[in-house]
Amino acid sequence: MSLDTTSLNKQTSLTRQTSLAKKVSKTRIKVCGITSVEDAVAAVDAGADAIGLVFYEKSPRFVSIEQAREIAASVPPFISVVGLFVDAEDEFIQAVLEQVPLTLLQFHGNEPDSWCQRWNRQYIKALRVRPEMSVKQVVAKYPGASGVLLDAYRKGVPGGTGESFDWTLIPDSLEKPVVLAGGLSATNVAEAIKKVSPFAVDVSSGVELKPGVKNHDAVRAFARAVVRENDQASGQCEAGER
Ligand SMILES: O=C(O)c1ccccc1N[C@@H]1O[C@H](COP(=O)(O)O)[C@@H](O)[C@H]1O
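Residues numbered from 1 in each chain as written. Predicted model: local features only at pLDDT ≥ 70, side-chain atom pairs only at ≥ 80, totals over all residues.

Looking at an unreviewed UniProt entry, one finds the protein named N-(5'-phosphoribosyl)anthranilate isomerase, with Endozoicomonas gorgoniicola as its source organism. Here is the UniProt Catalytic activity (unreviewed entry) comment for the protein, exactly as written: "N-(5-phospho-beta-D-ribosyl)anthranilate = 1-(2-carboxyphenylamino)-1-deoxy-D-ribulose 5-phosphate". If you open the UniProt record of the protein and go to Sequence similarities (unreviewed entry), you find "Belongs to the TrpF family." (UniProt positions renumbered as here; feature names shortened; annotations may be inferred.)

For the protein, the helix and strand inventory stands at eight helices and ten strands. Buried residues in the protein amount to 37% of all 242 residues. Across the protein, every contact between residues at least 6 apart in sequence was considered, and the portion connecting residues at least 24 apart equals 58%. (Helix = DSSP H or I, 4+ residues; strand = E, 2+ residues; numbered from the N terminus. Buried ≥ 20, exposed ≤ 12 C-beta atoms within 10 Å, placed from the backbone. Contact = placed C-beta atoms within 7 Å.)

Turning next to the UniProt feature "domain: N-(5'phosphoribosyl) anthranilate isomerase (PRAI)" (unreviewed entry) in the protein. Summarizing the sequence annotation, UniProt attributes the feature "domain: N-(5'phosphoribosyl) anthranilate isomerase (PRAI)" (unreviewed entry) to residues 30-223 in the numbering used throughout. Spanning residues 30-223, this segment combines 29% helix with 22% strand, and its end C-alpha atoms are found 10 Å apart.

Here the focus is the pairing of strand S3 (residues 80-85). For S3, the tally of buried residues reaches five of six residues, placing the bulk of the element in the interior. Sheet topology note: the strand S2 (residues 50-54)/S3 ladder contains five bridges and is parallel. In the sheet register, Val 54 faces S3, and the bridge partner there is Leu 84. Handedness of the β-α-β unit built from S2, helix H3 (residues 65-73) and S3 comes out right-handed. Crossover S3 to strand S4 (residues 104-107) through helix H4 (residues 90-99) is right-handed. (Pairing = 2+ DSSP bridges. Right-handed = clockwise from strand over helix to strand, strands pointing away.)

Below, the discussion takes up the site of the ligand. Of all residues adjacent to the ligand, which total 26 residues, the nearest are Cys 32, Ser 59, Gly 159, Gly 160 and Ser 205. Listing elements by their share of the shell around the ligand, those giving two or more residues are S2, strand S6 (147-152) and strand S8 (200-203). Of the residues assigned to the shell around the ligand, the class counts are ten nonpolar, 13 polar and three charged. (Near = placed C-beta within 6 Å. Nonpolar A, V, L, I, M, F, W, Y, C, P; charged D, E, K, R; others polar.)

Take the nonpolar core next. Counting residues in hydrophobic clusters, the biggest one holds 60 residues, and the most contacted among them are Val 31, Ala 43, Ile 51, Leu 53, Val 148, Val 179 and Val 201. Among residues more than four places away in sequence, those in contact with Val 201 are Thr 27, Ile 29, Leu 180, Leu 184, Val 189, Ala 192, Ile 193 and Val 226. (Core = buried A, V, L, I, M, F, W, Y, C linked by C-beta atoms within 7 Å.)

Of the residues making up helix H2 (residues 37-46), those classed as buried are Asp 39, Ala 40, Ala 42, Ala 43 and Ala 46. With its buried residues spanning 165° around the axis, H2 presents them on a single face. Phi for Gly 47, located one or two positions after H2, is positive at around 120°. (Arc of directions from axis to C-beta.)

So, about the environment of Asp 202. When you line up the elements, Asp 202 lands in strand S8. Residues Asp 202 and Val 44, spaced 158 residues apart in sequence, show a C-alpha to C-alpha distance of 14 Å. Excluding its chain neighbours within four sequence positions, the residues that come into contact with Asp 202 are Lys 30, Cys 32, Leu 149, Val 179, Leu 180 and Ala 181.

Okay, unusual backbone geometry next. The backbone of Phe 78 shows a phi angle near 75°, a positive value even though the residue is not glycine. Counting through the fold element by element, Phe 78 comes out in the loop between H3 and S3. By C-beta crowding, Phe 78 is classed as exposed, having 7 other C-beta atoms within 10 Å. In this structure, Asn 120 is a non-glycine residue whose phi angle is positive, near 55°. In this fold, Asn 120 is placed in the loop between helix H5 (113-117) and strand S5 (122-129). You can call Asn 120 exposed: it has 8 C-beta atoms within 10 Å.

The next thing to look at is the pairing of S2. Across the five residues of S2, five count as buried, placing the element largely inside the fold. Burial of S2 is two-sided: the residues Ala 50, Gly 52 and Val 54 facing one way and the residues Ile 51 and Leu 53 facing the other way are all buried. With respect to chirality, the unit in which strand S1 (residues 28-31) leads through H2 into the neighbouring parallel S2 is right-handed.

Right, dumping it as structure tokens:
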């Protein structure tokens, strides 16, 4: 059989586009700001693909290394445990990585790509979206990122604001998978998926009883809303293919 290099090249480039494209058939779910084993179990039972642990001392969702170890130990295989940091000291990240089995790192500060890459873990970079910024240009500064988390901007607050932002500021084609965050809840997540088609949605304060404590009913309602929207989108795709 002869090797058709033109079609091979085409296929490779298509595969690359598909793996990085913003449009996805199934939006994944990350529940962030988990501070207890009970909340981790509830999130995973509800259908979360990832849980997030906040290693930022100023946050009401901060977890100690001991708490994080206990929570991570309660998470079954194939569910990602994400560690969230804001301009952390090298020694602190090193200590966390030595003691907590994190799957992935999430950086919310002014960390440059070279520094984010030095931990030999997949990482996502949080960007706080403002009208005057070029999302594409900022994303280009993070070639080593597995994805970008797009969040709302509030001066002096690195995240977890519970505020959403103008989703029309997100360009249609970005070089990295988009994790949409900022003020999501069961009420607006379906609309967010319809409008943005993100790779994943990230929720924290929108499913809380109070800062740092999850409302399990709200977590389930959030996950149901995502699954419903995913099902509808895939139904529409199949109908369109006929
Ligand atoms: O949750 C926090 O306290 C936090 C602190 C510092 C940086 C990020 C933080 N949270 C992350 O922010 C986004 C949006 O959160 P929300 O759903 O609007 O509350 C999300 O990734 C949180 O994990």
